[in-house]
4 protein chains.
Amino acid sequence: MIIVMSPGATKEQLQIVLEKLTKVGLKVHLSEGASRTIIGVIGDKRFISELPIEALDGVEKMVSVTVDYKLVSREFKQEDTIVNVGGVLIGGNHLAVMAGPCAVESREQLLLSAEIVKMAGAQFLRGGAYKPRTSPYAFQGLEIKGLEMLAEAREKTGLKIVTEVVDVESVPVVSAYADMLQIGSRNMQNFQLLKTVGKTDKPVLLKRGLSATLNEWLNAAEYIMSEGNYNVVLCERGIRTYEEYTRNTLDLSAVAAVKNISHLPIIVDPSHGTGRWKLVGPMARAGIAAGADGLMIEVHPNPAEALSDGKQSLTPENFNLMMQEVGKIAEVMGKTLA
Amino acid sequence: MIIVMSPGATKEQLQIVLEKLTKVGLKVHLSEGASRTIIGVIGDKRFISELPIEALDGVEKMVSVTVDYKLVSREFKQEDTIVNVGGVLIGGNHLAVMAGPCAVESREQLLLSAEIVKMAGAQFLRGGAYKPRTSPYAFQGLEIKGLEMLAEAREKTGLKIVTEVVDVESVPVVSAYADMLQIGSRNMQNFQLLKTVGKTDKPVLLKRGLSATLNEWLNAAEYIMSEGNYNVVLCERGIRTYEEYTRNTLDLSAVAAVKNISHLPIIVDPSHGTGRWKLVGPMARAGIAAGADGLMIEVHPNPAEALSDGKQSLTPENFNLMMQEVGKIAEVMGKTLA
Amino acid sequence: MIIVMSPGATKEQLQIVLEKLTKVGLKVHLSEGASRTIIGVIGDKRFISELPIEALDGVEKMVSVTVDYKLVSREFKQEDTIVNVGGVLIGGNHLAVMAGPCAVESREQLLLSAEIVKMAGAQFLRGGAYKPRTSPYAFQGLEIKGLEMLAEAREKTGLKIVTEVVDVESVPVVSAYADMLQIGSRNMQNFQLLKTVGKTDKPVLLKRGLSATLNEWLNAAEYIMSEGNYNVVLCERGIRTYEEYTRNTLDLSAVAAVKNISHLPIIVDPSHGTGRWKLVGPMARAGIAAGADGLMIEVHPNPAEALSDGKQSLTPENFNLMMQEVGKIAEVMGKTLA
Amino acid sequence: MIIVMSPGATKEQLQIVLEKLTKVGLKVHLSEGASRTIIGVIGDKRFISELPIEALDGVEKMVSVTVDYKLVSREFKQEDTIVNVGGVLIGGNHLAVMAGPCAVESREQLLLSAEIVKMAGAQFLRGGAYKPRTSPYAFQGLEIKGLEMLAEAREKTGLKIVTEVVDVESVPVVSAYADMLQIGSRNMQNFQLLKTVGKTDKPVLLKRGLSATLNEWLNAAEYIMSEGNYNVVLCERGIRTYEEYTRNTLDLSAVAAVKNISHLPIIVDPSHGTGRWKLVGPMARAGIAAGADGLMIEVHPNPAEALSDGKQSLTPENFNLMMQEVGKIAEVMGKTLA
């Protein structure tokens, strides 16, 4: 932590700051310049973050030079984490593809989707049984019936099931059916929910919040890991910007950045990330080329009949085509579906 | 709802779209232009929002011309809603000021804060007993002990208590102590929490999400109201933008906009909105001048000792000064603290 | 400037960084912590900004603790600058109101607008003779004919004329007619244009760029001042964010911030800032309450006939109403139209 | 164009709107719903854009369903444009790589850079002779001496030269030396400059503005093309968002989007787009996988000695590595350096 004194700060003001720091056991180093003094602070960051240094007279600003998270960082663990979801691996050289409809709508729709997804080579079936919706009047999902359909689709195809938990209450029931629990964007900082899934033994797919910084996202993963559940996979799904052509702005540089600063696997969701099915294929290829460990793709047997997000869903034909193109990029990147 | 066909759409494609719409009972009107056809759709918006029209061949885009929310809108209720919190009114000509420390830290700090706040003329004491924090390792609040201290401060001063509920579990206990429940920014789309407070009889202060649109924010209020709790007060607290000088960008135009499209009261939080105590006074004045029904302000008996957000807290002297300045603006606006 | 070494940096890497700094005459102070070393650097910022320190091995990041601009800063000049535009003062206790149509459309429209503006108490007539437009096919202004009309309106009313210069070529001709030169948002970083108006003796109104930070905006003002023209007035006109309800997000905290860090006057443009005439009045009041030195308002004798931006223009009646409301807020703030 | 009347609009208000539209020759179609009436408008968009419909009483909003640009659109020209820069092709199956230092610093640095770039297989040498800089006190480029060095580098290596024109004045001199003129982000809406390069016969590289929408960017290209110069290549270089880890947020979905809506070639600049050399390689690969026609990369013989942007420059070794990786992705995409 660095403290920058303002140009007009007095010696007394400096002294008060220094005393406050040393009183809690922090070490300080002064750099006295022509126009201002800078204090380098060494010690446990938690101590200083609880001191309201910036409210002291004569202090211009405080600059953090370290991060809050530990367990998610590359410094904590050098090698890539590989998450095992019922035998299917995510991370390292293992490419994971999760596909299926946005929402579970009916038994027929889901079983048909599962077969399409399976035949194209994906290992996971996605589909929302509980749906967080902006309006209280919109379709909120089939709930437990949807979970039962997902379980049936798993039995028939062997696909692993990834589905969203929207609140603390539904964690036990979703855990009873799913192979992997998804935390949606709106819940990325629902800390009680993060801690609850952190206490389960299910792998967690953590989507990035709509306007979350990398730091906030990695701290959200830290909430899960700090409860003992180390099987966390991140999912970049687009951030909110001024651009209106796409539903969100898919931030693929976050994939490359996460690879540098964390050991956790990261996948990309180009369906929500762009909101336009024509952009899904190109951005799926780009995501893998940027280093992602997998994809989450909306596929619907008949997008024109979908109850939600039909606009961004691929048809079976287009999903097959995408899988072939992605396969070639994955090969260049040394990753394989397995 | 308006559907715009693409320039090359065929008659058959148009026919399929029309059939899909009319099959669910919607009425359509065609506008055939030189380069493209436009379909005006009339009927219950929920029907069309569940049809994946944009996934149909020949459809370029779908444009919504109405909003989802009802109970929060001016069309539903013309006159301003006035929320009664244990005898203190918010809305109409009644100006409400909520002030106090970011977090409840100790009995002494809180009781002293309460007296300062009371003497300056505010009617509400704010203070977090449960704190949502980005890092799992940061101070998370005194919890029930904090609630007890808030209740004691109320007994001594008569101030109403507004404090945050961070999850569904804590709603009963916080309701037992607080006069008004606060939903924080990170929970603005925690729909289970919104529905839960919607079932209580406590007035709710709903903060705007970090990157929430007006539409999403008003829909979040709709979630609460659709459960039967009509006592909702909105709170603008800054949105996330590229500007780094301020912690957030306080969007005061949202105050004026809400006054046009909704009947609910709205207050402003310039402390979180700017993150800098020097900007709190000017933005408090500006908020009231824009038409806000009140303020939420961080005040700390000694900001330099605060456990969180000291940088943005006012000293007792500055809070007094702010109250005087705001009082003059409120007078011009025809509003009074009462 | 502060340099943060990465946790694994070697002594040799540190040594190379130190040598590079001291070679150009900078002084350094080391803070060696448990996990990393921090270097405080003292000396002329320009020297260090030209050293590519962050590209050196072992360097994690470089943090700037000072700003680039000088002439615009409060540190350079403590007292408020008051800009004199042909006898009308802007800044200090002097409130300036600039009003008129977005574009000069015809002699009749402009002269009528000028009378309305004058009678309501404004001192400046605004109106674009040269219009920067997103599409090459949109109306681009009446150019020199528009300037002549502006000059005629000045003769008839005594109002001062403020109008935009869109490129270097038009600076001489616009200067021959206008009392104050406006630099539009899209040109805020057109450095050649900034330098050119910096060499004239005309006061300059510098609008904030669509997504400019405070630092970039103040540096743009520094470009003008560094050429010798100290008569610069800033104009906040909204920044680009994700919110779509308003055309831009009017950042009034920038007004309060500029008052802290600069001595230059600053005015607010709620017409472009919101894009909706119903929000203009509330945000004009809010701007003055935040500490602004004036307003720029679009007024049109008949907004429904305007060639551009009719949606955000006030009618004469609404402008009068706004002036009365603003007048009361200005009185509280100790400012007067004069 | 679609006009949405407000729920309470009267028949008289509707009548006034209709008259205004039909008076200028536009055709209208009414859709009368339960709560509001919608007007579909057919005819030349320019006529309606000059009518201030939204300022009329009873009008809620106006929704544009078409775009302003023509020459840049896929509707205007179906097949991909291939731009020929002195024999090197950009677009179609032709991959272009432009590389070199951010700024021309010295003859030695530039010639060395040129050889590195040439040997790694790039066809263009980039390097700024004129540099637009936020601060007036920062290094502004070697100007004409820099151009001479670029020309010498071309003679020695055969590389094509792409360099920035920062204002109208420098267009002739830069055109005398360069093979391709670059318009930088800050000048994307410097309309006079766009028109000036539109009158030259030099191919133009048009960078996206810092916060430009796709629509604004394509309209900027339309400015150039409407003057007769059809040799325009777009360059995505990152947009401004709230995320601070990267210098900008590289928006690769814009690449895929441009491929759908325009026939112009588009390249990607991951150096400015990320601001971190470690992310340049992954984002270069991702850009090509997304469908880009080329790359612009900062390479410096010794980034640690660079006068600007050293932090984001690749070393010769890393550039070579990147070229090999990109080559494999390009092969999958059916593109070749030639």
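Since the structure is predicted, the reported quantities are computational estimates derived from the model, not experimental observations.

The rules behind each value
- Residues numbered from 1 in each chain as written.
- Chains lettered and ligands numbered in written order.
- Predicted model: local features only at pLDDT ≥ 70, side-chain atom pairs only at ≥ 80, totals over all residues.
- Heavy atoms only, no water.
- Least-squares fit on C-alpha atoms with pLDDT ≥ 70 in both.
- Contact = heavy atoms within 4.5 Å.
- Salt bridge = Lys/Arg side-chain N within 4 Å of Asp/Glu carboxyl O.
- Helix = DSSP H or I, 4+ residues; strand = E, 2+ residues; numbered from the N terminus.
- Buried < 20%, exposed > 50% of the residue type's maximum accessible area, 1.4 Å probe, protein only.
- Axes fitted to C-alpha atoms, helices over the stretch in contact; angles between N-to-C directions.
- Parallel < 35°, antiparallel > 145°, perpendicular 65-115°, else oblique.
- Nonpolar A, V, L, I, M, F, W, Y, C, P; charged D, E, K, R; others polar.
- Buried area = accessible area lost by both parts, 1.4 Å probe.
- Pairing = 2+ DSSP bridges.
- Phe/Tyr/Trp six-rings, centres within 6.5 Å; stacked < 30°, edge-to-face > 60°.
- Lys NZ or Arg CZ within 6 Å of the ring centre and 35° of its normal.
- Polar contact = N/O pair within 3.5 Å; in protein donor to acceptor, adjacent residues only side chain to side chain.
- Right-handed = clockwise from strand over helix to strand, strands pointing away.

Draft legend 1. The arrangement of the relation of the copies chain B and chain A in detail. For the match of chain B to chain A, the screw axis carries a shift of 0.0 Å, the RMSD comes to 0.0 Å, and the turn is 180°. Here the transformation between the copies is reduced to the relation of a two-fold axis. When C-alpha positions in chain B are compared against the rotation axis, the closest is assigned to Ser211 of chain B, at 3.2 Å. An overlap of 100% is found between the interface residues of chain B and their copies at the interface of chain A, pointing to a shared contact surface.

Draft legend 2. Main features of the pattern of salt bridges. According to the stated counting rule, one finds 52 salt bridges over all chains in the structure shown. Ionic pairing is found between Glu243 of chain A and Arg208 of chain D, a salt bridge with its closest N-O pair at 2.8 Å. Of the two residues, Glu243 of chain A is situated in the loop between β12 (232–236) and α8 (253–261) and Arg208 of chain D in the loop between β11 (204–207) and α7 (214–225); the pairing between them involves two chains. A residue is classified by how much of its surface remains accessible, and Glu243 of chain A, at 7% relative accessible area, is buried. For Asp179 of chain B, the salt bridge identified is with Arg154 of chain B, shortest N-O distance 3.0 Å. Taken together, the residues Asp179 of chain B in the loop between α5 (171–177) and β10 (180–183) and Arg154 of chain B in helix α4 (residues 144–157) connect sequence positions 25 residues apart. For Asp179 of chain B, a relative accessible area of 15% puts it in the buried group. What you see here is one network of salt bridges that share partners, running through Arg208, Glu236 and Asp251 of chain A together with Glu243 of chain D.

Draft legend 3. Focus on the packing of helix α6 (residues 191–198) of chain A against helix α7 (residues 214–225) of chain A. All names here are of chain A. For the pair α6 and α7, the least separation of the axes is 7 Å and the interaxial angle reads 45°. The orientation of α6 relative to α7 falls into the category oblique. On α7, the residues that touch Phe191, Leu194, Lys195, Val197 and Gly198 of α6 are Ala220, Tyr223 and Ile224. Grouping the constituent residues of the contact of α6 with α7 by class yields six nonpolar, one polar and one charged.

Draft legend 4. Representation of the interface of chain D and chain C. With 45 residues of chain D at the contact, the number on the chain C side is 45 residues. For the pair chain D and chain C, the two sides together bury roughly 4,100 Å², of which 50% comes from carbon and sulfur. Between Glu216 of chain C and Arg240 of chain D there is a salt bridge, and its shortest N-O distance comes to 2.6 Å. Of all the secondary structure elements, the ones that give two or more residues to the side of chain D that touches chain C are α2 (45–49), α6 (191–198) and α7 of chain D. Tallying contributions element by element places α7 of chain D first for the side of chain D that touches chain C, with four residues. In terms of residue class, the side of chain D that touches chain C is made up of 18 nonpolar, 12 polar and 15 charged.

Draft legend 5. Representation of the sheet that holds strand β1 (residues 2–5) of chain D within the structure. Residues and elements named next belong to chain D. Strands sit in the order β2-β3-β1-β4 across an open sheet of four strands; the sheet is antiparallel. The open sheet has two free edges, formed respectively by β2 (27–32) and β4 (59–63), since each of these has just one partner strand. Shown here is a sheet whose adjacent strand axes are inclined to one another by a mean of 20°, direction ignored. Where β1 and strand β3 (residues 37–42) come together, three bridges link them in antiparallel fashion. If you follow Val4 over to β3, its bridge partner there is Ile38.

Draft legend 6. Highlighting the packing of aromatic side chains. Scanning all chains against the criterion turns up four aromatic pairs over all chains. With centroids separated by 4.5 Å and ring planes inclined at 20°, the aromatic side chains of Phe191 of chain A and Tyr223 of chain A adopt a geometry described as stacked. Highlighted residues: Phe191 of chain A in helix α6 and Tyr223 of chain A in helix α7, separated in sequence by 32 residues. A residue is classified by how much of its surface remains accessible, and Phe191 of chain A, at 8% relative accessible area, is buried. It is Lys70 of chain A that lies over the ring of Tyr137 of chain B; its NZ or CZ is 5.4 Å from the centre.

Draft legend 7. Representation of helix α8 (residues 253–261) of chain D in the model. Of all nine residues that make up α8 of chain D, eight are buried, and the element is covered over most of its length. When α8 of chain D is considered as a whole, its buried residues turn out to be Ser253, Ala254, Val255, Ala256, Ala257, Val258, Lys259 and Ile261 of chain D. Its buried side turned inward, α8 of chain D meets α9 (270–274) and α10 (277–289) of chain A together with α7, β12 (232–236) and β13 (266–268) of chain D.

Draft legend 8. Examining the side chain of His300 of chain A more closely. Residue and element names in this part refer to chain A. Along the chain, the position of His300 falls in the loop between β14 (294–298) and α11 (316–332). Side-chain polar atoms of His300 contact the side chain of Glu105, separated by 3.3 Å. A distance of 3.5 Å separates the side chain of His300 from the side chain of Gln109, its partner in a polar contact. Not counting residues up to four positions away in its chain, the partners in contact with His300 are Pro101, Glu105, Gln109, Glu305, Ala306, Ser313, Leu314, Thr315 and Pro316.

Draft legend 9. Examining the environment of Val72 of chain D more closely. Residues and elements named next belong to chain D. Structurally, Val72 can be placed in the loop between β4 and β5 (83–85). You can call Val72 buried: its relative accessible area is 0%. Taking the C-alpha atoms as reference points, Val72 and Glu222, separated by 150 residues in sequence, lie 6.0 Å from one another. Not counting residues up to four positions away in its chain, the partners in contact with Val72 are Leu218, Ala221, Glu222, Met225, Ile261, Ser262, His263 and Leu264.

Draft legend 10. The arrangement of the pairing of strand β9 (residues 160–164) of chain D in detail. All names here are of chain D. Burial runs high along β9: five of the five residues are buried. Neither face of β9 is open: one carries Lys160, Val162 and Glu164, the other Ile161 and Thr163, and all of them are buried. Of the pairings in the sheet, the one linking strand β8 (residues 124–126) to β9 comprises three bridges and is parallel in character. Following the sheet pairing, Phe124 is matched in β9 by Lys160. One ladder, built from three bridges, connects β9 with strand β10 (residues 180–183); its direction is parallel. The residue bridging Val162 from the neighbouring strand is Met180, located in β10. Taken together, β9, helix α5 (residues 171–177) and β10 form a β-α-β motif whose crossover is right-handed.

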